[in-house]
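Secondary and tertiary structure notes
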Amino acid sequence: MAEFLLILRFALTGLLYGFLALIFYGIWQDLRHHARSEAEPIEPATLTAESDAPPEQQFTLRAVTAMGRNNDNHLVIDDPFASANHAMVVWREGRWWVEDLDSHNGTYLNGERIVKPQPLTSGDRISIGETTLRFATDRASTPLV
């Protein structure tokens, strides 16, 4: 009986270590995949605030660009209809995306209110309150990372 219990202990210990090894292997694979995706170069892009009076203001996008009224945003929007933390433009999955941060007045992409992250293409217009920003990819400039 004692030998059986000893064998059972070794078997259970082996199963436990095997299970832990599988978990660590999965985490390691996920980290490798994440590191590869972060190593992808970010396509340079800009947002240009459209206005009637020149000059228009142009902003180079970071990998994550927060927009809103608060001064802690990367792109501060001086608009009474913009929320404190209104929207974000993010480089993800090899392209640019815009997403609303549950703002009160919403974020609009080409005149349509967005409810989930939307991919951007050059020439798209993002509206936050009364402010319109034109998105453009710009391979000539260097992005802020």
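Structure report, in brief.

Quick notes on the rules
Residues numbered from 1 in each chain as written. Predicted model: local features only at pLDDT ≥ 70, side-chain atom pairs only at ≥ 80, totals over all residues. Heavy atoms only, no water. Patch = residues over 30% accessible without salt bridge, like charges linked within 9 Å, V, L, I, M, F, W, Y side chains within 5 Å. Areas by Shrake-Rupley, 256 points an atom, 1.4 Å probe, with all protein chains shown as cover. Salt bridge = Lys/Arg side-chain N within 4 Å of Asp/Glu carboxyl O. Helix = DSSP H or I, 4+ residues; strand = E, 2+ residues; numbered from the N terminus. Buried < 20%, exposed > 50% of the residue type's maximum accessible area, 1.4 Å probe, protein only. Pairing = 2+ DSSP bridges.

**Considering a nonpolar patch on the surface**
A contiguous nonpolar surface patch, about 840 Å² in accessible area, is contributed by Leu16, Tyr17, Phe19, Leu20, Ile23, Phe24, Ile27 and Leu31. With respect to the helices, strands and loops of the structure, Ile23 is situated in helix H1 (residues 2-39). Classification of Ile23 by relative accessible area gives partly exposed; the value is 37%.

**A word on the sheet that holds strand E9 (residues 118-119)**
Read across the open sheet, the five strands follow the order E4-E3-E5-E6-E9; overall the sheet is mixed. Each having just a single partner strand, strand E4 (75-76) and E9 make up the two edges of the open sheet. Pairing of strand E3 (residues 64-68) with strand E5 (residues 87-92) involves four bridges; the strand directions are antiparallel. Across the sheet, residue Val64 finds its bridge partner in E5, namely Val90.

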